[in-house]
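Below, each chain spelled out in residue letters.
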Amino acid sequence: MKKKAFFWTSIESISIPSNLVNLNEGWCLDTPHLKNIDVMPNNPLFITFDDGKFILAKSNKINANYNDLVIAKRDIKRAIIPSFIKTIRKGAFQKSYKLKCVKFFDDSELQVIKSRAFNYSS
């Protein structure tokens, strides 16, 4: 998906198809109503995680690990970032107005929080 594909839309639900392998940075900026996110089975790069709260990504098809947090549901109140996450992508929690708590574990492998990752979140 191209950058700003859903910019300033009132989209509430999105399902990533199995054949979609590129989500450009900022593809889902300014989507405060996004409450349902899903990834179709057999997608080689993306998965839904933690009962549909997050979409995670592999850095490439060869990598066996999902180490990027791509996006979170916008109505999330608490985010527990898995220890294996290395990058939180741009806009991942943007406009998550109900977000009150973000927890990182002591053994976190987090290396990068991209710009606007928590922009306009509470």
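In this section: the nonpolar core. Counting residues in each nonpolar core, the largest one holds 16 residues, and the members touching the most others are Ile16, Trp27, Phe46, Ile55, Val70 and Ile71. Those elements giving two or more residues to this core turn out to be strand S1 (13–16), strand S2 (36–39), strand S4 (54–57) and strand S5 (68–72).

Here we take up the pairing of strand S3 (residues 46–49). In the sheet, S3 pairs with S4 via 4 bridges, with the strands oriented antiparallel. Each residue of the ladder has a partner; that of Ile47, found in S4, is Leu56. What sits between S3 and S4 in their antiparallel hairpin is a turn of 4 residues, with Asp50 showing a positive phi close to 55 degrees.

This paragraph deals with the packing of aromatic side chains. For the structure on display, the rule yields 3 aromatic pairs. Taken together, a centroid distance of 6.1 Å and an interplanar angle of 75 degrees make the contact between Phe54 and Phe93 edge-to-face. One end of the pair, Phe54, is in strand S4; the other, Phe93, is in the loop between strand S7 (87–88) and strand S8 (101–104), with 39 residues separating them in the sequence. Across the pair, Phe93 and Phe54 agree in class, each one buried. For the ring pair Phe93 and Phe118, a centre distance of 4.8 Å and an interplane angle of 0 degrees mean the geometry is stacked.

Next up on the list: empty space enclosed by the protein. Tallied over the full model, the rule gives 1 cavity of 30 Å³ or more. Here the largest cavity is characterised by a volume of approximately 80 Å³. Lining the largest cavity are 14 residues, with Gly26, Trp27, Val70, Arg89 and Lys90 positioned closest to its centre.

This brings us to the sheet that holds S3. Strand order in the open sheet formed by 5 strands is S3-S4-S5-S7-S9, and the pairing between neighbours is mixed. Each end of this open sheet is capped by a strand with a single partner; those strands are S3 and strand S9 (112–113).

What follows covers the pairing of S2. Along S2, the buried face is formed by Ile37 and Val39; none of Asn36 and Asp38, which line the opposite face, is buried. Where S1 and S2 come together, 4 bridges link them in parallel fashion. Across the sheet, residue Ser15 finds its bridge partner in S2, namely Asp38.

Let us now look at the pattern of salt bridges. Scanning the model with the defined rule gives 4 salt bridges in all. Among the salt bridges present, the one from Lys95 reaches Asp30, with a minimum N-O distance of 3.0 Å. One end of the pair, Lys95, is in the loop between S7 and S8; the other, Asp30, is in the loop between S1 and S2, with 65 residues separating them in the sequence. Arg89 is the salt-bridge partner of Asp68, the closest N and O atoms lying 3.1 Å from each other. You can see Asp68 sitting in strand S5 and its partner Arg89 sitting in the loop between S7 and S8, a full 21 residues away along the chain. For the residue pair Asp68 and Arg89, the accessibility class agrees, reading buried in each case.

Calculation criteria
Residues numbered from 1 in each chain as written. Predicted model: local features only at pLDDT ≥ 70, side-chain atom pairs only at ≥ 80, totals over all residues. Heavy atoms only, no water. Core = buried A, V, L, I, M, F, W, Y, C linked by side-chain atoms within 4.5 Å. Buried < 20%, exposed > 50% of the residue type's maximum accessible area, 1.4 Å probe, protein only. Helix = DSSP H or I, 4+ residues; strand = E, 2+ residues; numbered from the N terminus. Pairing = 2+ DSSP bridges. Phe/Tyr/Trp six-rings, centres within 6.5 Å; stacked < 30°, edge-to-face > 60°. 1 Å grid on protein atoms, 1.4 Å probe; cavity = no way out; pocket = protein on both sides within 12 Å on 5 of 7 lines; lining within 4 Å. Points joined across faces, edges and corners; volume = space filled by probe spheres on them. Salt bridge = Lys/Arg side-chain N within 4 Å of Asp/Glu carboxyl O.

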